[in-house]
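# Coordinate analysis (summary)
Spelled out, the chains give:
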Amino acid sequence: MMSPSWSKVFRDFWRECARTSLVAFTIAIGIAAFSSVLASYAILTRELNKGWMETNPASATIRTDRVDDALVAEIAAQPGVAQVEARRTLTGMIKTGPVEWRNLVLFVVRDFEQVRVSTLKPQTGAWPPAVGEILIERDALQVARAGIGDVVTVKTGGKEQTLRLSGTVRDVGQAQARMENIVYGYITRDTLVRLGEEPFFNQVKLVISGDRLDESRIKTVTTDVRTFLERRGHPVSRVEIPAPGKHPHADLMGLFLLVMACFGLFALMLSGILVVNLMTALMAAQIRQIGVMKTLGATRWRIARIYFAQALLLGVAAILVGLPTGLLASRWLCRYFAVFLNFDVTSFAVPWWFFPPVLAVGALVPLLAAAVPVWKGCGVPVRVALDDFEVGRRKFGERRFDRALAGFGGFTRPLLLAVRNGFRRRARTTLTALTMALAGLSFMAALNVRASLINTFDHLFDAMNHDLAVNLSATHSLETATRAAFQTRGVLNVEGWLVTDGSAPEAASGPAKGGGLEAETPHEPNHSETKRFRAIGLPPETNLFNPYLLAGRRLQAGDTDALVMNSRLAALFPEIRVGDRVRFQIGGTTGDWRVVGLIREPFAGPTAYVPLGFLDRTEMKGMTNSLRIVFDPANPTGLDVLKANLDRNLEAASIRAVGVTGKADLRYAADQHMVMIYIFLLVVAGILAGVGGLGLATTMSLNVTERRREMGVLRAIGATPANLRLIVMTEAAIIGLMSWAAACVVAWPVSRALGEMLLRMMFKIGLDYRGDFRGPFIWLVLSVAIGVAASVLPAWRASRRPIREAVEYGG
C-alpha cells in the first residue's frame, strides 16, 4: 500500500498535470538536446576512428623522386617496417561536357586487388578499373557532374585524354569533395601512360611493426627509412606523419560536438528555471498545508522530501520522453556528420557510459532547481503558514519602483494593469525573461557571426584582384604565355608568377644573429614537412594581389632579398619576426632573406612571397608557371566558356594548364565550411526559444492561477473577457520585450567573442566583426509573437472562469 507521503506526491502531480507536463516537456527538450549530442559524440568518435583504422592507414608517407618494386622490397626489409606500398599523386583537370573543367587530384595505384595500406573500398561499378578507366571517390561524383559509364576528359601534364568513368570508391582519408570543390580520381599505372605521363611512383606509404600508436617509434622508423632513401640517391621532398590511430578530422569533429554538448547542457540548465518557478508557486499555494503537517509533528526535512519527490518525478518523466528522443536525434546527427566527413556509420549502439551522465543530469537538474524554494517554503513558521490566505504580505506599491510603474500606461488602464502585474513576482519574471533573452541572444549571435564571417571572407578574398589562377604543367616563356592568354576574348589583364619550392636548410631555420646565421631551432628530419613551403615570385608592381597586412610592408620595386610571409608560414616558424634575417632555400638557391612583411592568408598553405627579380637571376629568368587572369565582367560569355577558350589558346601555344582555380570556387569552398556553423547556431536559438516559450507559458499559467480572485473582481466590476485576455497577453508581450532588450545589450560582445573563437579554432585568424542589424528587428517581432502565443491558453482560461468560482477561497 502506498504511503501517505507518496500519495500526496502523485495527487499533487496529477492535480497540476497541465503545468507539470509543460515543465516536464521543457526539461525533456534539454535532455534530448544534451543526450543526442553526447550519443553522437560516443558513436562518431568510435565509428570514425574504427573506419579509419580498418583502412590500415599509413603510419607515414614519404615523398621522393622515383620508387620501383625493387626499392619497395628493400624498404620493406628495413627494421620496424611492417608494410610498404608505392603510390603517386598528381593534379590535373577533368570535364564531362565541352567546357566545364573541374580540378582533379589523381591517385595512381599499383595494384587495386593488392592494396594493403590506406585501402580503398569499391562502392559501385567496376572493380578494379581497366586500362583507360577511372574511378571517382563517391562524394566527388557530384562535383564531377558525371555518372557511371560516362566518358570524361582528363588532362594532366600531357595531352587531353578521354577515360571511361567505370565506378566509385570510398576513400575515408579524403576531405569532403563537395566542400573542397575537387574531384578525386583513381587510375592504374597503365592508364597513367595513356595520359602522357611517365609510369613511375613517387610516394612510399609505411606501416610500422609493433605498436602502431607509438608516435615516437613512428618518427624513429620514418627517419631511418628517410636516411636509407637519401643514401641510395633518392632525395626526400616531404614526410607526412598523421596522428596515430585518429582520423585526420577527428579532433575538429570532437571539438565541434563538445561545443554542441555544452549548448545542450545549457538548454537543460535553463529548463531548471521552470522548476524554480513551478516549485515556488506550489509552495506558496500549499503554505497552509505545510503549516498543518508541521502541527501534526512533521519535521522540515520530512515535508521537504515530499516536494523533492515531486521534483524528482518531473525529472523521471522528462527522462522517459527526452532520452528516446535524444537517441533518435543522434542518429540523424550521426548521418549528417558521416556525410560531412565522408565515412560510414555501421552501428548506432551507444556505449554503457552514455547512460549514467544523462540519467544523473536529468534527475539532478530538477532537484537542484527545487532546492531553494522547497527548503525555504518548508521553513515557514506554523503561525505564519496557518495565517496565510494566499495574499502577499508585501503589497504592490510599497516600493519606489512600484510607485514609478503606477504612472505608466497613460490612459489605458488594461496596459497599466499588465505592466504592474509583470513586476509582482519579480524573481519569476526575471528568470523567465532571462530564458527568453538567451534565446534571442543565440538568434542574434547566429546572424552576427554569419555577417562577420562573410565580412572576414570578403576582406580576405579582396586581396585576390584576379578571377582565375592557372597553374601550368611546366615553366614557359612569360611573353608567350601572356600573349596566348590575351588572345582570349574577355581577358582584361594577365600576370605571370613563378611558383617554386622553398625550405629551411638543415643547418639553420631560425633568425640570424649578428650577421652570422646561427640556427636557433635544430633541424628535425621527422618533421620535415613543417620545414617546407611554397615560394611565389611576384612582380613588385603587381596590382592583382593586395594582401591584408598584419605587420611590416609589401614587396616594393627595387627589393632584391625581401620576403613576405603569410600567416600559415609564420605559424610554422613562430620564432621568425618581421625584421629578422633568415636563411631559406628558394628555387634551388640558398640565400639570406630579410623578412619585411606578414600577411593574413588562411586558405593557402605556408607561402613566402619574394621579388620576381630574384628568380630572374636563376635559370628561370623570363619564365612563368602560374598565370593570374582578370576577365571583363561585361563580357556576355559565361565563365566556363572563357575557361575553355583560354585553355584552347594556351594549348595552341603548346602550354598545358594542369589546374584552374577560380576566385568564386575558393569562396564557395570557404562558405561551405561555414554552413554547418550557421545551421548549428540557428538550431540552438530554436531550442532555446522553445524552452523560453514554454517557460513563459508556465509563468503566465502560474500568474493567472495566483490572481484568479483578482480576475473575478475585475469581472464583477464590469471587465469583459476580452479585457482580461488583453491584460494577460499584454503582460506576456511585455516580458518578451524585456527579454529582447536584455538580448540586444549583450548580443554584440557575445557575437564578437563567439565568431573570434570559431575562426581561431578553424582557420587560426582573427575576425573582422560586423553586426547584422536585421537581427534585433526580427527578434523583436519574434519575442512579442512568442509572448503572445505563450499566453493564449492562460488568457483564454482566465476569461472563461465563472466569477463565483474565481472569488471563492479554497479553490
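Report on the accompanying structure. (Residues numbered from 1 in each chain as written. Predicted model: local features only at pLDDT ≥ 70, side-chain atom pairs only at ≥ 80, totals over all residues. Heavy atoms only, no water.)

Within the protein chain one finds 24 helices and 20 strands. Within the protein chain, contacts between residues separated by at least 24 positions form 83% of all contacts whose residues are at least 6 apart in sequence. Of the roughly 35,600 Å² that the protein chain leaves accessible, carbon and sulfur atoms contribute 59%. (Helix = DSSP H or I, 4+ residues; strand = E, 2+ residues; numbered from the N terminus. Contact = heavy atoms within 4.5 Å. Areas by Shrake-Rupley, 256 points an atom, 1.4 Å probe, with all protein chains shown as cover.)

Time to look at unusual backbone geometry. Following Trp127, the chain continues to Pro128 via a peptide bond in cis, the omega torsion being -5 degrees. Along the chain, Pro128 falls in the loop between β4 (121-125) and β5 (133-137). One non-glycine residue, Asn56, adopts positive backbone phi at about 55 degrees. When you line up the elements, Asn56 lands in the loop between α2 (17-54) and β1 (60-67). Taking the relative accessible area as the measure of exposure, Asn56 reaches 12% and is therefore buried. One non-glycine residue, Ser654, lies in positive phi territory at about 60 degrees. (Buried < 20%, exposed > 50% of the residue type's maximum accessible area, 1.4 Å probe, protein only.)

A separate point is the packing of aromatic side chains. Under the criterion given, the structure shown has 13 aromatic pairs. A centroid spacing of 5.7 Å and a plane angle of 85 degrees characterise the contact between Trp748 and Tyr769, whose relative ring orientation is edge-to-face. One end of the pair, Trp748, is in helix α22 (residues 721-763); the other, Tyr769, is in the loop between α22 and α23 (774-800), with 21 residues separating them in the sequence. When its relative accessible area of 48% is taken as the criterion, Trp748 is described as partly exposed. Through successive ring pairs, a cluster of aromatic residues spans Phe107, Tyr184 and Tyr186. Over the face of the ring belonging to Phe200 we find Arg88, whose NZ or CZ atom lies 4.0 Å from the ring centre. Stacked on the ring of Tyr548, the Lys or Arg Arg600 has its end atom at 4.3 Å from the ring centre. (Phe/Tyr/Trp six-rings, centres within 6.5 Å; stacked < 30°, edge-to-face > 60°. Lys NZ or Arg CZ within 6 Å of the ring centre and 35° of its normal.)

With that out of the way, let us pick up the packing of helix α8 (residues 250-285) against helix α10 (residues 300-341). Running from N to C, α8 and α10 cross one another at 160 degrees; their axes reach a closest spacing of 12 Å. Our classification of the angle between α8 and α10 gives roughly antiparallel. For the element pair α8 and α10, the recorded crossing hand is right-handed. In this structure, α8 uses Met253, Phe256, Leu257, Met260, Leu278, Met279, Leu282 and Met283 to contact α10, whose residues at the interface are Tyr307, Gln310, Leu314, Leu333, Phe337 and Leu341. (Axes fitted to C-alpha atoms, helices over the stretch in contact; angles between N-to-C directions. Parallel < 35°, antiparallel > 145°, perpendicular 65-115°, else oblique. Left-handed = near helix turned anticlockwise from the far one by under 90°.)

Attention now moves to the pairing of strand β9 (residues 201-208). Within β9, 8 of the 8 residues are buried, which leaves the element mostly enclosed by the surrounding structure. Examined bridge by bridge, β1 and β9 share 5 bridges and lie antiparallel to one another. By the bridge assignment, Ala60 is partnered in β9 with Leu206. Bridge count between strand β2 (residues 81-95) and β9: 6 bridges; the pairing is antiparallel. Bridge pairing links Ala86 to Val204 in β9. (Pairing = 2+ DSSP bridges.)

Judged by nonpolar contacts, the single largest core of 61 residues is most densely connected at Leu44, Leu257, Met260, Phe337 and Phe343. Contributions of two or more residues to this core are made by α2, α8, α10, α15 (426-462), α20 (663-706), α22 and α23. In this structure, Val67, Val105, Val115 and Leu192 belong to the second largest nonpolar core, which totals 51 residues. (Core = buried A, V, L, I, M, F, W, Y, C linked by side-chain atoms within 4.5 Å.)

Scanning the entire structure with this criterion turns up 23 salt bridges. Two residues, Arg553 and Asp559, come together in a salt bridge whose shortest N-O distance is 3.0 Å. Salt-bridge contacts for Arg656 lead to Glu651; the nearest nitrogen and oxygen are separated by 2.7 Å. Take Glu651: its relative accessible area is 22%, and that puts it in the partly exposed class. (Salt bridge = Lys/Arg side-chain N within 4 Å of Asp/Glu carboxyl O.)

Inspection of every chain in the model, using the stated rule, returns 5 cavities of 30 Å³ or more. Each pocket or cavity is described by its volume, and for the largest cavity that value is around 100 Å³. Along its surface, the largest cavity is lined by Trp52, Met53, Pro57, Ala58, Ser59, Arg212, Leu213, Ile218, Pro242, Ala243, Pro244 and Gly245. Class assignment for the residues of the lining of the largest cavity results in 9 nonpolar, 2 polar and 1 charged. (1 Å grid on protein atoms, 1.4 Å probe; cavity = no way out; pocket = protein on both sides within 12 Å on 5 of 7 lines; lining within 4 Å. Points joined across faces, edges and corners; volume = space filled by probe spheres on them. Nonpolar A, V, L, I, M, F, W, Y, C, P; charged D, E, K, R; others polar.)

Before going further, it helps to examine helix α19 (residues 639-652). Here α19 spans 20 Å end to end across 14 residues, near enough to the 20 Å set by a 1.5 Å rise per residue. All buried positions along α19 are accounted for by Leu642, Lys643, Ala644, Leu646, Asp647 and Leu650. Once α19 ends, the next one or two residues include Ser654, with phi positive near 60 degrees. (Expected span 1.5 Å × (residues − 1).)

Within strand β19 (residues 623-631), 8 of the 9 residues are buried, which leaves it mostly tucked inside the rest of the structure. For strand β11 (residues 468-477) and β19, the ladder comprises 6 bridges, and the chain directions are antiparallel. Looking at β19, one finds that Ala469 is bridged to Arg628. Inspection of the sheet shows strand β12 (residues 491-503) paired to β19 by 6 bridges, in the antiparallel sense. Bridging across to β19, Val491 finds its partner in Phe631.

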